[in-house]
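Here is how the chains run, residue by residue.
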Amino acid sequence: MHHFQQRNGTLFAEGVSVTELAEAHGTPLYVYSAATLKRHFEAFDSAFASMEHLTCYSVKANSNLHVLRLLASLGAGMDIVSGGELYRALLAGVPAGKIVYSGVGKKPAEIRQALEAGILMFNVESTQELLRINEVAKAMGKVAQISFRINPDVDPKTHPYISTGLKKNKFGLNIDLSLDAYALARDLPAVEPVGIDCHIGSQLTTIEPFMEALDKLLIFYDKLKAMNLDIRYLDLGGGLGINYDEEQPPHPKEFGAALTKVLGKLPLKIILEPGRVIVGNAGILVTEVLYTKQSPTKSFVIVDAAMNDLVRPSLYGSFHRVEEVTPQGRPAQDVDVVGPICESGDFLAKDRQLPEVRQGERLAVYSAGAYGFTMSSNYNSRPRAAEILVDGEQVIVARRRETFESLVAQEL
Ligand SMILES: *Cc1c(COP(=O)(O)O)cnc(C)c1O
């Protein structure tokens, strides 16, 4: 993460002091590094260079338009899960032919919107959805390219809330029932099955579950070929993990090499849908210490960022590294870093060793670029944080801080 670095005793994002950003734009504040985004995208994309492939960044990880524009300028396609994400991706200049559409609950209006735009393919998650897409496409005089999302029943060994490829999960179609789904699709007039899709979970820290899923998919691919289906795309989803704490996820290069070894010679275009691995460590959340207090058993650091800004610790018990923006060198204490929201689940860090900090000082919450702002809310009527994109010495306000007026705008 060398674009967020201590320099002369204080934290810098590329060429810009984080303290100066906080003073100019207030806190809580998301700060993203353009250089890190570029490095991560290029490291990932180049890992598949020897195969025909398309890297479709998963918009839900961080859907800020400025982030999307930057990735689009590097040649990224996008993986979307809603009409809103399609709108953003198109606005960011992503060619529709590089967009794939995932998700279990696509509405007719969203399907129409995607067909009008001319997206590459729908990743279909049920036969009812298939029938719906066929119906909408037919009415528009179009043929929709589709793949089915196959649930290969492999354990990604990650948090249960972000496991998606187990039999008990709501995602995809059971692999044993999927041949029938393809047969059904083949016989419908307004859909064309062109791919196989799979996404088994997020924050995977080993390659094995991916390879296990891939083995199953390739057996399945042979069966589809035997049915004379012209399968041209293999979408392996996202899910590659990042380092939040002590994890040692494989480098994209390693992941790419492992996949290339198995897939290199097949006549398939590989689609990848990385989210977290591109943006996770390209962003921090900056927050100010409001108060500190001791109870007989605990020390609390109360900060101005809360679960509405970054819900991952509350939702998944996730670990985010927290450090002083300007280290003071005081002795460490065991503390909970908590927000102002009226919920006991409102914490950013629990039982954490942190040097003693004082009112008015600032903390950086690391690895906040993915599933940070995008999962934020207005709970407790808190205007959402501003987002800043730093590019060298340049500061771009990627999203203005919400105001009280924006809180009530839809109610007036
Ligand atoms: C969330 C999601 C991704 C991205 O997952 P990451 O773990 O962020 O890489 C990719 N594909 C689908 C279908 C998803 O739901």
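Residues numbered from 1 in each chain as written. Predicted model: local features only at pLDDT ≥ 70, side-chain atom pairs only at ≥ 80, totals over all residues. Heavy atoms only, no water.

### Regarding the site of the ligand
Inference 1: Taken together, 14 residues lie around the ligand, and Lys60, Ser202, Glu273, Arg276 and Tyr371 are the ones closest in.
Inference 2: Here an oxygen atom of the ligand sits 2.8 Å away from a polar atom, N or O, in the main chain of Gly239.
Inference 3: The contact in question runs from an oxygen atom of the ligand to an N or O atom on the backbone of Gly275, over 2.9 Å.
Inference 4: Relative to its free-state accessible area of 390 Å², the ligand is covered by the protein chains to the extent of 94%.
Inference 5: In a pocket analysis with a 2 Å cut-off to the grid points, the ligand is assigned to the largest pocket.
Inference 6: Looking at the shell around the ligand residue by residue, the classes come out as two nonpolar, seven polar and five charged. (Near = heavy atom within 4 Å. Polar contact = N/O pair within 3.5 Å; in protein donor to acceptor, adjacent residues only side chain to side chain. Areas by Shrake-Rupley, 256 points an atom, 1.4 Å probe, with all protein chains shown as cover. 1 Å grid on protein atoms, 1.4 Å probe; cavity = no way out; pocket = protein on both sides within 12 Å on 5 of 7 lines; lining within 4 Å. Sits in = over half its atoms within 2 Å of the grid points. Nonpolar A, V, L, I, M, F, W, Y, C, P; charged D, E, K, R; others polar.)

### With respect to the sheet that holds strand β1 (residues 4-7)
Inference 1: Spatial ordering of the open sheet is given by β1-β2-β3, a layout of three strands whose pairing is antiparallel. The open sheet has two edge strands, β1 and β3 (16-17), and neither has a second partner.
Inference 2: For β1 and strand β2 (residues 10-13), the ladder comprises four bridges, and the chain directions are antiparallel. Looking at β2, one finds that Phe4 is bridged to Ala13. (Pairing = 2+ DSSP bridges. Helix = DSSP H or I, 4+ residues; strand = E, 2+ residues; numbered from the N terminus.)

### As for the domain arrangement of the protein
By a widespread convention, an interface's size corresponds to the accessible area lost as its parts come together.
Inference 1: Assigned domains of the protein: these are domain 1 (4-32 + 280-411) and domain 2 (34-276).
Inference 2: Using C-alpha coordinates to define each centre, domain 1 is positioned 32 Å away from domain 2.
Inference 3: Taken together, the contacts link 25 residues of domain 1 with 23 residues of domain 2.
Inference 4: Roughly 2100 Å² of surface becomes buried between domain 1 and domain 2 when both sides are summed, with 55% attributable to carbon and sulfur atoms.
Inference 5: At the surface where domain 1 touches domain 2, the tally comes to zero salt bridges. (Domains from an automatic or database assignment. Contact = heavy atoms within 4.5 Å. Buried area = accessible area lost by both parts, 1.4 Å probe. Salt bridge = Lys/Arg side-chain N within 4 Å of Asp/Glu carboxyl O.)

### Some points on the layout of surface pockets
Inference 1: Approximately 540 Å³ is the volume found for the largest pocket.
Inference 2: When the residues that make up the lining of the largest pocket are grouped by side-chain class, the tally is eleven nonpolar, 13 polar and eight charged. (Points joined across faces, edges and corners; volume = space filled by probe spheres on them.)

### Considerations on empty space enclosed by the protein
Inference 1: This model, assessed by the stated rule, comprises one cavity of 30 Å³ or more.
Inference 2: Its boundaries defined by the atoms lining it, the largest cavity holds a volume of some 50 Å³.
Inference 3: Lining the largest cavity we find Cys198, Ile200, Phe210, Ala213, Leu236, Phe255 and Leu259.
Inference 4: Those elements giving two or more residues to the lining of the largest cavity turn out to be α8 (208-226) and α9 (252-263).

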